[in-house]
Amino acid sequence: NATVDYQIDGGTTVNATLDASGAATVVVPSPTDDVIITLSIINDGTCVNPLNNTATASILPLPTITSLEAINNIVCIGSDAAFTVNGTANATVNYSVNGGATQTLTLDASGAYTITIPTIDDPSQVMSLEVSLLEIINSTTLCSNTLSNINATVTIISVPYATIDSDPEPIGTIDPDNPVARYC
């Protein structure tokens with residue numbers, strides 16, 4: 001099998017052995033910018049031929065989240081809990097609420113979205129809502145980025161209720177010199 005000498009971005013010459021079909025894979029670990037690969041020599045064991053083939057691999061940026069924030073950290077039951085998400089414009093974001101099923105949102109052209117979650121006056125209502133961002137996908141390039149530890153929480157508080165007893169019983173007797181009755 002033949003070997004091919006190549007350079008990555010004009011760096012040190014390395015070689016790759018071609019397989020039976022005449023192909024080889026070149027791995028560039030964690031590139032952050034476009035990569036230029038130049039083939040310089042092919043050697044089949046009998047003949048050595050110079051090459052001057054160049055290819056550029058375009059490296060696309062990963063989509064990112066710039067912020068996730070609760071609009072209000074505390075809301076009363078019956079009010080909406082709202083969270084703002086900011087990141088790569090027009091990207092799709094997968095998220096969960098309190099570790100539940102994965103849900104999807106799409107950031108607008110400015111890279112923003114507001115998640116609104118209604119709360120209900122129900123004793124089984126959880127007393128906090130945590131939104132966790134799981135993944136962001138660039139809808140144009142389809143590049144994706146797995147997210148971790150991007151969370152925001154809203155605490156839900158009960159609305160206090162006042163009651164009035166319509167038939168109170170007086171406590172004790174009324175003093176004519178101080179005519180204030182006490183009721184419970």
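Heads up: the structure comes first, above all this text.
Now for a description of the structure that goes with this document. (Residues numbered from 1 in each chain as written. Predicted model: local features only at pLDDT ≥ 70, side-chain atom pairs only at ≥ 80, totals over all residues. Heavy atoms only, no water.)

In this section: the overall build of the protein chain. Along the protein chain, the regular secondary structure elements total zero helices and 13 strands. Ordering the α and β elements of the protein chain from the N terminus gives β-β-β-β-β-β-β-β-β-β-β-β-β. Excluding contacts between residues fewer than 6 apart, the proportion of contacts in the protein chain whose partners are at least 24 apart in sequence is 52%. (Helix = DSSP H or I, 4+ residues; strand = E, 2+ residues; numbered from the N terminus. Contact = heavy atoms within 4.5 Å.)

Here we come to the pairing of strand β2 (residues 14–17). Looking at chain direction, strand β1 (residues 3–8) and β2 are connected through four bridges and run antiparallel. Residue pairing across strands places Tyr6 opposite Val14, the latter belonging to β2. The hairpin formed by β1 and β2 contains five residues between the paired strands, and Asp9 there has a positive phi angle of roughly 55°. (Pairing = 2+ DSSP bridges.)

Right, let's talk about the nonpolar core for a bit. Formed by 24 residues in total, the largest nonpolar core has its most connected members in Phe83, Val85, Ile115, Val131 and Leu133. Counting only elements with at least two residues in this core, the list comes to β5 (65–70), β7 (80–87), β8 (92–97), β10 (112–118), β11 (128–137) and β13 (151–157). Sorting elements by how many residues they give to this core places β11 first, with four residues. With residues up to four places along the chain from it excluded, the contact list for Val85 reads Ile65, Ser67, Leu68, Leu105, Leu107, Gly111, Ala112, Tyr113, Ile115 and Leu133. (Core = buried A, V, L, I, M, F, W, Y, C linked by side-chain atoms within 4.5 Å. Buried < 20%, exposed > 50% of the residue type's maximum accessible area, 1.4 Å probe, protein only.)

The three strands lie next to each other as β5-β7-β10, forming an open sheet whose pairing is antiparallel. On the outer flanks of this sheet lie β5 and β10, each paired with one strand and no other. Taking the axes of each pair of neighbouring strands and ignoring which way they run, one obtains an average angle of 15° across the sheet. Direction of pairing for β5 relative to β7: antiparallel, over a ladder of five bridges. Paired with Ile65 across the bridge in β7 is Gly87. (Axes fitted to C-alpha atoms, helices over the stretch in contact; angles between N-to-C directions.)

The four strands are arranged β2-β1-β3-β4 in an open sheet whose pairing can be described as antiparallel. A single partner strand is all that each edge strand has here, and the edge strands are β2 and β4 (48–57). Strand-to-strand twist of the sheet, defined as the mean angle between neighbouring strand axes without regard to direction, takes the value 30°. Relative to strand β3 (residues 35–43), β1 is paired through six bridges, and the arrangement is antiparallel. By the bridge assignment, Val4 is partnered in β3 with Ile42.

Attention now moves to the side chain of Gln7. For Gln7, the position within the fold is in strand β1. Relative accessible area serves as the criterion here: at 13%, Gln7 is assigned to the buried category. At a separation of 3.1 Å, a polar atom in the side chain of Gln7 contacts the side chain of Ser40. Ignoring anything within four residues of it in the chain, the contact list for Gln7 reads Thr12, Thr13, Ile36, Ile37, Thr38 and Ser40. (Polar contact = N/O pair within 3.5 Å; in protein donor to acceptor, adjacent residues only side chain to side chain.)

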